[in-house]
Amino acid sequence: MKLQKPGAGLPQIERLFIRSILVPSIRILLTWDMSTFLLKRELNIIKKIVSNVEKEKLTQKVIIDRVFAIEDHTRQFSINMVLEHLVIAGSLVKSIIETLSKEENFIEDVKIENVKPSKNIVDEYTEFEIFYNTYLDFIKQLPKKQSKMKKRHPWFINFNNYDWSVFMFMHTFIHRRQIQAIIKELK
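Right, let's walk through the structure included here. (Residues numbered from 1 in each chain as written. Predicted model: local features only at pLDDT ≥ 70, side-chain atom pairs only at ≥ 80, totals over all residues. Heavy atoms only, no water.)

As for the overall build of the chain
And then number 1: Per the secondary structure count, the chain includes five helices and four strands.
And then number 2: Counting from the amino terminus, helix and strand elements in the chain follow one another as α-α-β-β-α-α-β-β-α.
And then number 3: In summary, the chain has a C-alpha radius of gyration of 16 Å against a globular reference of 16 Å for 187 residues, a match within 12%.
And then number 4: For the C-alpha atoms alone, the extent of the chain along its principal axes is close to 50 × 35 × 30 Å.
And then number 5: Residue burial in the chain is summarised as follows: out of 187 residues, 51% are buried.
And then number 6: Counting only contacts in the chain whose residues sit at least 6 apart along the sequence, the fraction spanning at least 24 positions is 82%.
And then number 7: Total accessible area on the chain stands at roughly 9,900 Å², and carbon and sulfur atoms take up 53% of it.
And then number 8: Side chains of the chain carry 30 positive and 22 negative charges; the gap between the two charge centres is 4 Å. (Helix = DSSP H or I, 4+ residues; strand = E, 2+ residues; numbered from the N terminus. Rg over C-alpha atoms; globule rule 2.2 N^0.38 Å. Buried < 20%, exposed > 50% of the residue type's maximum accessible area, 1.4 Å probe, protein only. Contact = heavy atoms within 4.5 Å. Areas by Shrake-Rupley, 256 points an atom, 1.4 Å probe, with all protein chains shown as cover. Lys, Arg positive; Asp, Glu negative; His and termini not counted. Charge placed at Lys NZ, Arg CZ, Asp CG, Glu CD.)

Quick notes on the nonpolar core
And then number 1: The biggest cluster of nonpolar side chains holds 61 residues, and the ones touching the most others in it are I79, F128 and Y135.
And then number 2: Of all the secondary-structure elements, those providing two or more residues to this core are α1 (12-29), α2 (32-51), α3 (79-101), α4 (124-141) and α5 (161-185).
And then number 3: In terms of residue count, α3 provides more of this core than any other element does, 12 residues in total.
And then number 4: Ignoring anything within four residues of it in the chain, the contact list for I79 reads V50, V53, L58, I179, I182, I183 and L186. (Core = buried A, V, L, I, M, F, W, Y, C linked by side-chain atoms within 4.5 Å.)

Re the environment of E56
And then number 1: Relative to the helices and strands, E56 resides in the loop between α2 and β1 (62-63).
And then number 2: Residues E56 and V122, 66 residues apart in the sequence, show an inter-C-alpha distance of 7.6 Å.

Comments concerning the pattern of salt bridges
And then number 1: Scanning the entire structure with this criterion turns up eight salt bridges.
And then number 2: R27 is paired through a salt bridge with D163; the nearest N and O atoms lie 2.7 Å apart. Pair noted here: R27 is in helix α1 and D163 is in helix α5, with a separation of 136 residues, a long-range link.
And then number 3: Judged by relative accessible area, which is 33%, R27 ranks as partly exposed.
And then number 4: We classify D163 as buried; its relative accessible area is 7%.
And then number 5: Two residues, E42 and R41, come together in a salt bridge whose shortest N-O distance is 3.3 Å.
And then number 6: We classify R41 as partly exposed; its relative accessible area is 42%.
And then number 7: Where salt bridges share partners, they join R41, E42 and R176 into one cluster. (Salt bridge = Lys/Arg side-chain N within 4 Å of Asp/Glu carboxyl O.)

Following this line, the structure appears as structure tokens:
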């Protein structure tokens, strides 16, 4: 089976739904603290489900049916590749939040293909846990002001620092579902 190239994107109808309905709804419903609480919840779920998988299966790639908000290329990952992606993308988002919170322009281009995993290492969960502990400390200390400065997400719209912090929760939620789909396919 040939998958689309990294960065090919989501189906148009899905992008429109996320851009026009989901993002505006989430902006109304979630606060900084709620999104952090929900992110912690997702991290705990990931920890629980990953801890139940045999270590040698964490690097096993499988093909899954496409999950909402996951592009085609990402359907053939291992659990550790998903965790690595969450660290790579999370590190970028943390830098964006930090920059926008200072009302500075985030110059670097945000490209989906630049946040794809490449290592698929055995101890990826350790890296994942270290990064998210750092991120949670960072977001806890951050003054909760919505920046005027924005950075465009490559598929959606311009996000300010608050929007990017909510994105961290949504991104983790989506990829937690991907991990669960991978677990179902592991033999």
